[in-house]
Amino acid sequence: MAYETITSETQGAVTLITLNRPEALNALNSTVLGELQQAFAAFEADNSQHCAVVTGSGDKAFAAGADIKEMVDKQAADFFLEDFFAGWNDMTAKTRKPWIAAVNGFALGGGCELAMMADFIVASENARFGQPEIKLGVAPGMGGSQRLTRAVGKSKAMDLCLTGRMMDAEEAERAGLVSRIVPHDQLMDEAMKAAQAIAGMAPMAAMVNKELVDAAYETTLQQGMLHERRVFQILTATEDRKEGMAAFVEKREANWKGR
């Protein structure tokens, strides 16, 4: 499928999606959202694809934020009636397969929020993160205040949301926002290696592990532990569980069926 603002390609069992508005620092607008929704739906529906990587084109930005030009003249009633930004959460909520954000340069505002929607973030040493909406007289609207607080804690999230400052990759990793930092010229290689490793796992197990970690945000410890045990017990009925354990005992590579 041809896209206007993104590109999407498959590399083995990994789908690579690239925000492709370098002239606008990959700013996010309604066209980008619509095309990302299509790309994620295609990824989710393709049984040959087991992990995705989302990145930004060029060396300057993953995504520098939402496209302010699209919003500057919009009336408050329109924001409300359109339920503006709701589609971003819908997109990720419908994606059961794992996906990674590979971040280089600026990930600000909506760009930071999109990166936080990923299952984890691999960051270039040049990455910069922030929620500077307060400088425009508004607040995050795509989950920034909520996901950021869960990732880095109240104090750090307050700091970033109230001052609008950026934090570099090292601070982001220390704070727990970023999973790993890699040299700038190795970002895509490392992100794709991680995605390929995930794509090489039993597909149902990968989806379930993602679900369990996400559930840890939403439930108490006891509820989460019970859910984890029940899901483990259900997975023991799958063909892939039998194959995985047999392969381990026989010291060979597993041949996953996704069943």
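Up top is the structure.
Values in this document were obtained by computation on a predicted structure and should not be read as measured data.

## Observations concerning the sheet that holds strand E3 (residues 51-56)
Consideration 1: The six strands are arranged E1-E2-E3-E5-E7-E10 in an open sheet whose pairing can be described as mixed. Of all strands in the sheet, those with a lone pairing partner are strand E1 (6-11) and strand E10 (180-182), marking the two edges. Pairs of neighbouring strands in the sheet enclose a mean axial angle of 20°, with direction left out of account.
Consideration 2: The pairing of strand E7 (residues 120-124) with E10 spans three bridges and is classified as parallel. Bridge pairing links Val122 to Arg180 in E10.

## Points about the pairing of E1
Consideration 1: As defined by bridge partners, E1 adjoins strand E2 (residues 14-19) across six bridges and the pair is classed as antiparallel. Looking at E2, one finds that Glu9 is bridged to Leu16.
Consideration 2: What sits between the antiparallel neighbours E1 and E2 is a turn of two residues, in which Gly12 has the positive phi angle 65°.

## Details of the pairing of E2
Consideration 1: Within E2, six of the six residues are buried, leaving the element largely enclosed by the surrounding structure.
Consideration 2: Going residue by residue along E2, you find Val14, Leu16 and Thr18 tucked away on one face and Thr15, Ile17 and Leu19 tucked away on the opposite face as well.
Consideration 3: Relative to E3, E2 is paired through six bridges, and the arrangement is parallel. Opposite Ile17, over in E3, you have Val54 as the bridge partner.
Consideration 4: As a crossover connection, the stretch from E2 through helix H1 (residues 30-45) into E3 is right-handed.

## Observations regarding the packing of aromatic side chains
Consideration 1: Inspection of the entire model under this criterion finds three aromatic pairs.
Consideration 2: Between the aromatic rings of Phe40 and Trp99, the centroid separation amounts to 5.0 Å while the plane-to-plane angle is 70°, which identifies the pairing as edge-to-face. You can see Phe40 sitting in helix H1 and its partner Trp99 sitting in strand E5 (residues 99-103), a full 59 residues away along the chain.
Consideration 3: Note on Phe40: relative accessible area 2%, which makes it buried.
Consideration 4: Aromatic side chains Phe79 and Phe84 sit 5.0 Å apart centroid to centroid with 90° between the ring planes, which places their arrangement in the edge-to-face category.
Consideration 5: A relative accessible area of 21% places Phe84 in the partly exposed class.
Consideration 6: Taken together through their ring pairs, the aromatic side chains of Phe79, Phe84 and Phe85 make up a single cluster.
Consideration 7: The aromatic ring of Phe43 is capped on one face by Lys97, whose charged end is 5.2 Å from the ring centroid.

## Considering the sheet that holds strand E4 (residues 61-63)
Consideration 1: Taken together, the four strands give an open sheet; going across it, the order is E4-E6-E8-E9, and neighbouring strands pair in mixed fashion. Every other strand in the sheet has two partners, leaving E4 and strand E9 (167-168) as the edge strands with one partner each.
Consideration 2: When strand E8 (residues 128-130) meets E9, the two strands line up antiparallel, connected through two bridges. Of the residues in E9, the one forming a bridge with Phe129 is Met167.
Consideration 3: In this fold helix H5 (residues 110-117) packs onto E4, strand E6 (106-108) and E8, with an angle of close to 95° to the strand it touches most, E6.

Cut-offs used in this document
- Residues numbered from 1 in each chain as written.
- Predicted model: local features only at pLDDT ≥ 70, side-chain atom pairs only at ≥ 80, totals over all residues.
- Heavy atoms only, no water.
- Pairing = 2+ DSSP bridges.
- Helix = DSSP H or I, 4+ residues; strand = E, 2+ residues; numbered from the N terminus.
- Axes fitted to C-alpha atoms, helices over the stretch in contact; angles between N-to-C directions.
- Buried < 20%, exposed > 50% of the residue type's maximum accessible area, 1.4 Å probe, protein only.
- Right-handed = clockwise from strand over helix to strand, strands pointing away.
- Phe/Tyr/Trp six-rings, centres within 6.5 Å; stacked < 30°, edge-to-face > 60°.
- Lys NZ or Arg CZ within 6 Å of the ring centre and 35° of its normal.
- Contact = heavy atoms within 4.5 Å.

By themselves these figures say nothing about function.
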